[in-house]
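Structural overview
Okay, here's what each chain looks like letter by letter:
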Amino acid sequence: MKFVSTRGGAKVGCARAIVAGLSENGGLYVPEKFPAVSVEELSEMLGMSYAERAAVVLSKYLDEYDADWLLNACESAYSGFGGDPAPLVRLDDGVYMLELWHGPTCAFKDIALKLLPYLLKKACELCGIEENVLILTATSGDTGKAALEGFKDKAGFKVMVFYPSEGVSKMQKLQMCTQDGNNVNVVAVKGNFDDCQNAVKEIFSSEEYARQLKEKNIILSSANSINFGRLAPQIAYYFSAYLDLVSSEQIEMGEEIDFTVPTGNFGNILAGYYAKRMGLPVRRLHCASNSNNVLTDFFNTGTYDMRRELVRTTAPSMDILVSSNLERLVYEVSGRDCKLTASRMKDLKENGVYSVTESELDEIRLTFDGGYADEETCVEAMYDVFIDVGYTMDTHTGCAMKVAVDWFEKHKKDETKMIVVSTANPYKFPQDVLYAVTGNDVKDCFKGIKRLHAATAMAVPKCLSALKDKTLRFTKTCDGKKLFAEVMEFAEK
Ligand SMILES: *Cc1c(COP(=O)(O)O)cnc(C)c1O
């Protein structure tokens, strides 16, 4: 299987695509074609563990990796999840929650970022890269912590995370700044997420910086969600969730189902689209946003228009105006036209807006629709489910729940089963969740945890409650212009 860039250029193997992250012209790597999974293969996967199912899905794309090696990697990566990494919980007749937050950082990013170090290390070997790899990541909260946990103490890697000094939650900040491991570093960057992301992008695009790092025997790589090595592991949980519905006799094999996915960078939901293209019986994908509803407007009008203020919400991992992975979908529906995709992305960069044609929008809408929750309707959705069935969800998942409920209200006779993808443990955002389910407001996140536990009786993850007594290891804040000096200092350590 070769990979092509959404903006044209040479084909590469999967290892090269994973090492590079982005193609040289800024495009995203996509598989040359979608590998198929037949109904027979699906049936064979029914009796498998999560790691085994993931290895089957991954081996369809990553043919430069040995299949047994992939299975071993999946088993190691997912061994620390305390059981099934992606359990499905029945909420109501026909509605299920896919809980993707049972990993070490309590958010769905773990599913990809626990496996990525294995994939990347092997990819370096396959490409004959001998330098050490410095993972550089800008984060709005959850990716940074998951990258730190994934790459900590992994030989051959260093990992450095930059987060915006204004823009991550208290809990997210504590999670990152208390990180252990002897190859990690965390620095706050003055400003918001866009400032932080731009400063990091500048480092990646500088040949001079690359030269200076190479002198230290270091190359840069990214753990951001545009890397195919992050997308591929996410495809697996769509398969696994489907198979769990079949084996628990909630659906017949072959019956189509829907997913509602809380969306920021469009990585999670895009993996669902890839699963559908591979033959998984998925009918519709409902894309859920918060008040930063650029995607909702896109699915309604065919115009992607980011010319608006970024709003800070209680679902910070979805506070994003440029959903990078949408480029992969737009590329597909353009008939894989790399020139057109490149020119649209240029329009986005220069003017903040681009449109797809009416027929492309029609094709998109055969599978996708978009909705959003503002702060109030998100709280309402979380409260209603808590009161009706006693299930507690986080704020990101709350946005998805609102969108799913809207769909059912508009389509009362729809009997298609719905899986709502749940992306974070509620205790990761304890004050906001506490407010949603009880109306109580507390200032301190650990008081929030205590009261949320009293209200819900849900188990508190140790990794979050233990933060209270951990010492801060990383306290530095730097100016966006001085980022590279920080990188060099860390590289020399
Ligand atoms: C990252 C994240 C999202 C958004 O996922 P994308 O792949 O960026 O669309 C949603 N919820 C949580 C909790 C996240 O950490």
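Given the structure is predicted, the values throughout are model-derived calculations rather than measurements.

Of the regular secondary structure elements, the protein holds 22 helices and 15 strands. For the protein, whose C-alpha radius of gyration is 21 Å, the value lies close to the compact-globule estimate of 23 Å for 493 residues. Counting only C-alpha atoms, the protein reaches 65 × 50 × 45 Å along its principal axes. Here the protein, with 493 residues, has 59% of them falling under the buried criterion. Distance between charge centres in the protein, computed from 56 positive and 69 negative side chains, equals 5 Å.

Counting residues in each nonpolar core, the largest one holds 111 residues, and the members touching the most others are Leu62, Phe239, Phe259, Phe266, Tyr274 and Leu329. When residues in this core are grouped by element, the largest group, 13 residues, is from helix α11 (residues 228–247). Not counting chain neighbours up to four residues away, the residues in contact with Tyr274 comprise Val30, Pro31, Phe34, Tyr61, Phe228, Leu231, Ile235 and Arg328. Counting residues in each nonpolar core, the second largest holds 41 residues, with Val95, Met318, Ala373 and Phe386 among its members.

Time to look at the packing of α11 against helix α12 (residues 267–277). In the contact formed by α11 and α12, the axes pass within 8 Å of each other and the chain directions differ by 65°. Pair α11 / α12 crosses with right-handed handedness. From α11, Phe228, Leu231, Gln234, Ile235, Tyr237, Tyr238 and Phe239 reach across to α12, where they touch Gly267, Asn268, Ile269, Leu270, Ala271, Gly272, Tyr274 and Ala275. Residues that form the contact of α11 with α12 fall into these classes: 11 nonpolar, 4 polar and no charged.

A few words on the pairing of strand β4 (residues 95–99). Burial of β4 is extensive: 5 of the 5 residues sit out of reach of the surface. Side chains of β4 alternate between two faces, with Val95, Met97 and Glu99 and Tyr96 and Leu98 buried alike. Where strand β3 (residues 88–92) lies against β4, 4 bridges are found, and the strand directions are antiparallel. Its bridge partner being in β4, Leu88 is matched across the sheet by Leu98.

Let's shift gears to a positive patch on the surface. Together, Lys447, Lys450, Arg451 and Lys468 make up a positively charged patch on the protein surface. Its place among the elements puts Lys447 in helix α20 (residues 445–456).

What follows deals with the sheet that holds strand β10 (residues 282–289). The mixed open sheet is built from 6 strands, whose spatial order is β3-β4-β14-β9-β10-β13. Edge strands, defined here as strands with exactly one partner in the open sheet, are β3 and β13 (368–372). Put simply, the sheet's adjacent strands are angled 25° from each other on average, direction ignored.

Residues in contact with the ligand amount to 15 residues; listed here are only the nearest, Lys109, Asp142, Gly264, Asn265 and Thr423. In the model, an oxygen atom of the ligand is placed 2.6 Å from a nitrogen or oxygen of the Lys109 side chain. Here Gly264 contributes a backbone N or O atom positioned 2.7 Å from an oxygen atom of the ligand. Taken by itself the ligand offers 380 Å² of open surface, and the protein chains cover 97% of this.

Looking at where Gly264 falls in the secondary structure, it is placed in the loop between β9 (257–262) and α12. Look at Gly264 and you get buried, because its relative accessible area is 11%. Through-space distance from the C-alpha of Gly264 to that of Asn325 is 9.4 Å; in sequence the pair is 61 residues apart. Leave out the neighbours within four places in its chain, and Gly264 touches Leu295, Ser317, Met318, Ile320 and Ser323.

Quick look at a negative patch on the surface now. Together, Asp92, Asp374, Glu375, Glu376, Glu380, Asp384 and Asp388 make up a region of like negative charge exposed at the surface. With 5 residues, the single largest contributor to the negative patch is helix α17 (residues 375–389). Looking at the secondary structure, you find Asp374 in the loop between β13 and α17. A residue is classified by how much of its surface remains accessible, and Asp374, at 32% relative accessible area, is partly exposed.

Mapped onto the elements, Phe299 comes out in helix α13 (residues 294–301). Along the primary structure Phe299 and Gly370 are separated by 71 residues, whereas in three dimensions their C-alpha atoms are 5.7 Å apart.

What follows concerns helix α9 (residues 193–205). For α9, with 13 residues, the first-to-last C-alpha span of 18 Å sits near the 18 Å given by 1.5 Å per residue. By the burial criterion, the buried members of α9 are Phe193, Cys196, Gln197, Ala199, Val200 and Ile203. For α9, the angular spread of buried residues about the axis comes to 160°, placing them on one side. Within α9, the exposed residues directed more than 90 degrees away from the buried face are Glu202 and Ser205. For α9, the elements touching its buried residues are β5 (132–138), β6 (157–164), β7 (184–189), α10 (207–215), β8 (218–221) and α22 (483–492).

Basis of the calculations
- Residues numbered from 1 in each chain as written.
- Predicted model: local features only at pLDDT ≥ 70, side-chain atom pairs only at ≥ 80, totals over all residues.
- Heavy atoms only, no water.
- Helix = DSSP H or I, 4+ residues; strand = E, 2+ residues; numbered from the N terminus.
- Rg over C-alpha atoms; globule rule 2.2 N^0.38 Å.
- Buried < 20%, exposed > 50% of the residue type's maximum accessible area, 1.4 Å probe, protein only.
- Lys, Arg positive; Asp, Glu negative; His and termini not counted.
- Charge placed at Lys NZ, Arg CZ, Asp CG, Glu CD.
- Core = buried A, V, L, I, M, F, W, Y, C linked by side-chain atoms within 4.5 Å.
- Contact = heavy atoms within 4.5 Å.
- Axes fitted to C-alpha atoms, helices over the stretch in contact; angles between N-to-C directions.
- Left-handed = near helix turned anticlockwise from the far one by under 90°.
- Nonpolar A, V, L, I, M, F, W, Y, C, P; charged D, E, K, R; others polar.
- Pairing = 2+ DSSP bridges.
- Patch = residues over 30% accessible without salt bridge, like charges linked within 9 Å, V, L, I, M, F, W, Y side chains within 5 Å.
- Areas by Shrake-Rupley, 256 points an atom, 1.4 Å probe, with all protein chains shown as cover.
- Salt bridge = Lys/Arg side-chain N within 4 Å of Asp/Glu carboxyl O.
- Near = heavy atom within 4 Å.
- Polar contact = N/O pair within 3.5 Å; in protein donor to acceptor, adjacent residues only side chain to side chain.
- Expected span 1.5 Å × (residues − 1).
- Arc of directions from axis to C-beta.

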